[in-house]
Structures are given as C-alpha cells and as structure tokens.
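Here's the letter readout for the chains.
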Amino acid sequence: MRKDVRILLVGEPKVGKTSLIMSLVSEEFPDVVPYRAEEITIPADVTPERVPTHIVDYSEAEQTDEQLFQEISKANVICIVYSVNNKKSIEKVTSHWIPLITENTDKDSRVPLILVGNKSDLVEHSSMETILPIMNQYSEIETCVECSAKNLKNISELFYYAQKAVLHPTGPLYCPEKKDMKPLCVKALTRIFKVSDLDNDGTLNDNELNFFQRMCFNTPLEPQALEDVKNVVRRNLIDGVCDNGLTLKGFLFLHTLFIQRGRHETTWTVLRRFGYDDDLELNQDYLFPPLKIPPDCTTELNHKAYLFLQGVFDKHDKDRDCALSPEELKDLFDVFPYMPWGPDVNNTVCTNDQGWITYQGYLSQWTLTTYLDVQRCLEYLGYLGYSIIAEQECQASGITVTRDKKIDLQKKQTQRSVFHCNVFGDIGSGKSGFLQGFLGRNLMRQKMIREEHRSYYSISTTYVYGQEKYLLLHEVFPDFDYLADADMACDIVCLLYDVNNPYSFEYCAKVFKQYFMDSKTPCMMIAAKSDLPEARQTYGCSPLEFCRRHKMPPPQSFTCNTAGAPSRDIYTKLTTMAMYPHARLRCMCTCNRCTFCLCQNFLNSELLQTVRAKLYAVVLRRSSLPP
C-alpha cells in the first residue's frame, strides 16, 4: 500500500477548483474564494483508506506552465474539473487537458484521471451523456463525479474516488472495451488460486475459502454467505462450482464481478495480501524481506519452513510415491514466473530409479539453496505463498541465521544442521565420482550422466551420533594458482587423489601446504579409486607419511566402482569432523579404519594412565579378598 496520495486539481479558470477544496476542508461554501488554495494535507486517520492525502490546487493566474508541468509529474491522480453549465470547459477536457497531462507524464507509469463536473446546483440536467463517450475513449479515466461546491454535494465522495483511483486503480485490472480482466490480473489471480488450493484438487472447498477469507479480510465467511457466493457463480457459470468447491473459472468470475460493480478494492486487497504491487508484479519487499546475516554465520531453514515445504511436497505428490515426477514438479513450480530448478538438480540431490527427485532430495535442494543463496530462497518461498499459508509475517521467519563459527569452536558444540565440505583434487582424480557416490550412485549409474547436466554440488543427509545432519559437498575447480575466499570458506576440506595415478597426490599436498596447513579447518585425505592397483606416488613422501607429519587422519579409501551404492561411512566421518573441529583426530595408526577411534595421544595421556592404574588396583584388591 502507498504511504500517501497526492491529488492535483486542474481545469479552466472559474470552474470551481478552489471552491471544491475549501468546501471539503471547512464543510461550507466559502464567501471569499482566493485564486488558489494552499496545499492541504489530510491526516491518515480521517481518510477512508487510512492514507495521508495531499490536495494540490492549480491556478492559471498564479502559476507558470513549468510549475503546472512539475505538479502533473508529481501527482498520483489528477482531477480535471469542468463546469456542468459551461460547454467550453467540457470541450477543453479533451482538446487541452488530457493531451497536456499525457505529454507531461511518464508513458510507463499511467496516472489515473477523474472527471469532475462542478456546479451541478445550477442546472437540472446531467452532463453524463456528454461525458460518457469521453470516458470510453480514454482508458486512463477512472470515473466521473458530478458535484456542487455550494451545497456540498458529492464533495467527500469526489476525494474518496480520487484516493481509490490511486490505491485501487481499475486500469491494471480491467479492460472496459473487452469487459474482461486483463491478462496480468488473470495471471496473478490464477497464482493466488493455486496457492490457496491447499489440497491441489483444482477447487477451493469451504475450509480453503474460509482460510482465504480470513487471510485476506481477517474474518471468515458465514455458512450462508459462503453458499450465497457459490450460488451466484452457479447461476452464471456451468463449471464455476464443482463438487461444491469453487473452481478457477468461478474464482476469476467473482473478481470480474467485483470489478464491474465498482468493488475493485476487494480484488486489490487480495492481490496486495499475496504480494502484488500496482503493476501486478510481486513486490520486491514481499519477495526479499530484510534478513541480517553477520560475518561467519550461515543460513538454514528452520522447522516452520521445513513443515511448510513438506506440505507443498505432499500437495503435489499426487501418486504418493515419495518422489516428484517431471509433471508433478512442473505443477509445483507453476506459481513461479520461471522454472527455478534445471536438469543439474537431478545430479545434486537423491533421486529414485526413474531419476525423479525424492522427498529427501527435494528437502536437500531447498537446504542447499538456503545455504548458498538465501535471497533466492526467500524469493522462492514468496512465490509459494509461505507467509500466507504458514501465517507468518514474512519468509524471513522460516530462516535461521546460525551463530558465529568462532563461538561454536569456543563452546566446542554447534547447533548447525548443514556442514560444508570443499573437495579438492587434480583433474581426473575422481571428485565427481565422490560427489555422486554420496547420492548412492555407483560408477555404472554415473556413466549415464550427461556432461551438460553435471553438477559441482551434492547434498544429502548423514547421521552423526543419532542426529540427522546435511553434508554439502562442493567440487572445487583445480586451479591451484588461484583459490577464491569461497573455495576456502568451509567446515572441512576433502583432499582427494587417484591411487592409480602416481602424479595425483602431489596436487593435494601442494593445496594443503599453501592454503590449509595453518588454518583451523580440519582436512581429510581421500584415496579414491581404491579398487584399482595402488601406484607409488612421485611426491617426496607417501600419502600416509604426509598425513602423519601434518597430524591428519590417515588417507581414507574410497571407490564408487561397486555393485550397489558406494559405502557412506566416509561421508559420516566427514560430517563428524566438520561438527567437531575442536576434536581434530591425530591417530597415527596404519589400519586405515580407525580415523574416529580414540587417538593415540589420548591413549598415552597421563590422565588415562592414572585412571587405568586405579582401575587395576581396584580389580586386584577385589580379586585378593577371601570369598
């Protein structure tokens, strides 16, 4: 809704512009009328629409053409005043004033016009017969009002219509020539219908209509009023009501009826509640509510957003197979102005055997979007009508901004649910296979992925000590000489080399030494393609020795060349290291299986030796006691 309304009155001299303003303010006809009234501001609390209103007068005697042009450019609505007993002033409406206003307003921002026939007290006939053809000729004319400044006839109505023309304009909604709603209005109302159709059955049942009524007008419909509405539709449309529910055709018909009967404020109330501006575009403030994200903090969906998104999934999973077919996915995104997910999504999250995004994959993709681009996530939630359906102030209520990672390190615990792992490795080392392995795809399934649909991200859930967490893997392009800050900002680093390639490990060693050796980010070495014969690496020391020197866990074997889905153990280990970076493991053993066992440093610590000695003493004492 606009913050204020600026009304400009123009017209020929002596038609009564100033008298109209003064009669409105003083509620009586003035004895002395100046050439021009000063600008008047009517406070919001005394206007019907609760919006501050500025009324501006124009006087040819006191103002220049340049001043007039400036006022026209600033006005939200212009009242062209004529005298009903003066034919010349009526002729000037089309010969002078409308062309003048058109020349001095932006073509892209249409200014509504209201024709005001003053001095109706001086004649017995109406001027409407002359004015109606003018109204039909110019679509920017909202309405015509006949009034009298002398006897106060229709004065307050005049300014109410002027306010209404700005706040609830007819132009964007309705085409008088075709006597039908404009395409943009139909498109917006269609989206509103689909968002409000909570069970996605193509009709609004009584519960959905009542919810819609409460969201838009803060009051439910009485059962009889609800039935009366549906009866009106039944009488005018064969397929407007189906199974006692309002169809899309019936919904659009009702709004056409509202507009035709001059109740377009009803339609505008609905449009604005669902985020639309005066141009029937979704408002930027609606799509992108303010969300402050301090440095070193991340963004995640909270339980309210997940609950809403689960409802959206269930609504569109018509065959109840816990996956979204291409048709179901298209139907879900039908309320968007564009398709937000491309083919690469299918290689970013889990899919079923048919390649359809599963329920887990669906939530994973939303989690990924929130983490990488929270503004895009806010926009998407806006298209789906989150704030209306979830009954929240805005989409930002569905986002949790995590605390600074430094605090997590200090407290040695985290409440985060999403952990970011950057995967480094030379060309051909097996990074893509590692990412796809996380989604349960073995080498055979990976060969079916088209290069243009390849994804550099994969995300899925893992369980750490019984808690479900999201691990986000990001394949970093192997440009050793330049790593952006984003390539190094993560919770854990995965350094991956090909065991069968003697030159593969050197890249990992160089990346670690140059970028991560002195950082607090935990690192893990992955020995990929472990099903192949292991070649001796040409680097100065073996991968195992390198890990020992730099107090890293020993290299972890991984292969996606398996009969079934690759093992997920390595991903659980990565997530655990990301969750507990303060407990970086220093195991020096060579079994290659004990990365998450108690580290040797702890086993050899004085504390453990003391506890062990005390336990031995107790056991020996008890064993020496007589039976």
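Residues numbered from 1 in each chain as written. Predicted model: local features only at pLDDT ≥ 70, side-chain atom pairs only at ≥ 80, totals over all residues. Heavy atoms only, no water.

- The name an unreviewed UniProt entry assigns to the protein chain is Mitochondrial Rho GTPase, from the organism Mastacembelus armatus.
- Taken verbatim from the UniProt record of the protein chain, the Sequence similarities (unreviewed entry) comment is "Belongs to the mitochondrial Rho GTPase family."
- Recorded under Subcellular location (unreviewed entry), the UniProt text for the protein chain is reproduced unchanged: "Mitochondrion outer membrane". (UniProt positions renumbered as here; feature names shortened; annotations may be inferred.)

## A look at the packing of aromatic side chains
Moving on, step 1. Counting across every chain of the model gives 27 aromatic pairs.
Moving on, step 2. Ring geometry for phenylalanine 512 against phenylalanine 546: centres 5.7 Å apart, planes inclined by 75°, an arrangement best described as edge-to-face. One end of the pair, phenylalanine 512, is in helix H21 (residues 504–516); the other, phenylalanine 546, is in helix H22 (residues 543–549), and 34 residues separate them in sequence.
Moving on, step 3. A relative accessible area of 3% places phenylalanine 512 in the buried class. (Phe/Tyr/Trp six-rings, centres within 6.5 Å; stacked < 30°, edge-to-face > 60°. Helix = DSSP H or I, 4+ residues; strand = E, 2+ residues; numbered from the N terminus. Buried < 20%, exposed > 50% of the residue type's maximum accessible area, 1.4 Å probe, protein only.)

## Brief notes about the packing of helix H18 (residues 431–438) against helix H23 (residues 569–579)
Moving on, step 1. H23 packs onto H18 with a crossing angle of 90° between their chain directions and a minimal axis gap of 9 Å. By the angle between their directions, the pair H18 and H23 is classed as roughly perpendicular. Of the residues in H23, those in contact with Phe434, Gly437 and Phe438 of H18 are Ile570, Tyr571 and Leu574.
Moving on, step 2. Tallied by class, residues from the contact of H18 with H23 come to five nonpolar, one polar and no charged. (Axes fitted to C-alpha atoms, helices over the stretch in contact; angles between N-to-C directions. Parallel < 35°, antiparallel > 145°, perpendicular 65-115°, else oblique. Contact = heavy atoms within 4.5 Å. Nonpolar A, V, L, I, M, F, W, Y, C, P; charged D, E, K, R; others polar.)

## What about the confidence of the model for the protein chain?
Moving on, step 1. On average, residues of the protein chain carry a pLDDT of 89, and 91% of them reach 70 or more.
Moving on, step 2. Below a pLDDT of 50 lies the segment residues 584–605, which in the model reaches 47 contacts outside its immediate sequence neighbourhood of four places, other chains included. (pLDDT = per-residue confidence, 0-100.)

## Thoughts on the sheet that holds strand S4 (residues 77–83)
Moving on, step 1. Spatially, the six strands line up as an open sheet ordered S2-S3-S1-S4-S5-S6, and their pairing is mixed. Both edges of this open sheet fall to strand S2 (40–42) and strand S6 (141–146), since each of them pairs with a single strand only. The mean angle between the axes of side-by-side strands here comes to 20°, regardless of whether they run parallel or antiparallel.
Moving on, step 2. Summarising the sheet, S2 and strand S3 (residues 53–57) pair through three bridges and their orientation is antiparallel. Following the sheet pairing, threonine 41 is matched in S3 by histidine 54. (Pairing = 2+ DSSP bridges.)

## Digging into the domain arrangement of the protein chain
Moving on, step 1. When its domains are assigned, the protein chain resolves into domain 1 (5–167), domain 2 (177–281), domain 3 (285–402), domain 4 (411–579) and domain 5 (595–626).
Moving on, step 2. One C-alpha centre belongs to domain 1, the other to domain 4, and the line joining them spans 72 Å. (Domains from an automatic or database assignment.)

## Notes on the nonpolar core
Moving on, step 1. Of all hydrophobic cores here, the largest spans 71 residues; its most connected members are Tyr362 and Trp366.
Moving on, step 2. Residues in contact with tyrosine 362, not counting those within four places in the same chain, are Leu309, Val312, Phe313, Leu324, Leu332, Trp341 and Ile357.
Moving on, step 3. Within the second largest apolar cluster, 27 residues are counted, among which are Val84, Leu115, Ile131 and Met135. (Core = buried A, V, L, I, M, F, W, Y, C linked by side-chain atoms within 4.5 Å.)

## Describing the environment of lysine 304
Moving on, step 1. Turning to its location among the elements, lysine 304 is positioned in helix H12 (residues 303–316).
Moving on, step 2. Residues lysine 304 and glutamine 392 lie 88 residues apart in sequence; the distance between their C-alpha atoms is 9.3 Å.
Moving on, step 3. Not counting residues up to four positions away in its chain, the partners in contact with lysine 304 are Tyr386, Gln392 and Ser397.

## Thoughts on the pairing of S4
Moving on, step 1. Of all seven residues in S4, seven are buried; the element is thus mostly enclosed.
Moving on, step 2. Where S4 lies against strand S5 (residues 113–118), six bridges are found, and the strand directions are parallel. Counted as the bridge partner of cysteine 79 is isoleucine 114 from S5.

## Focus: the side chain of serine 387
Moving on, step 1. Inspection of the secondary structure assignment puts serine 387 in helix H16 (residues 386–389).
Moving on, step 2. Ignoring anything within four residues of it in the chain, the contact list for serine 387 reads Arg273, Tyr286, Gln392, Glu393, Cys394 and Gln395.

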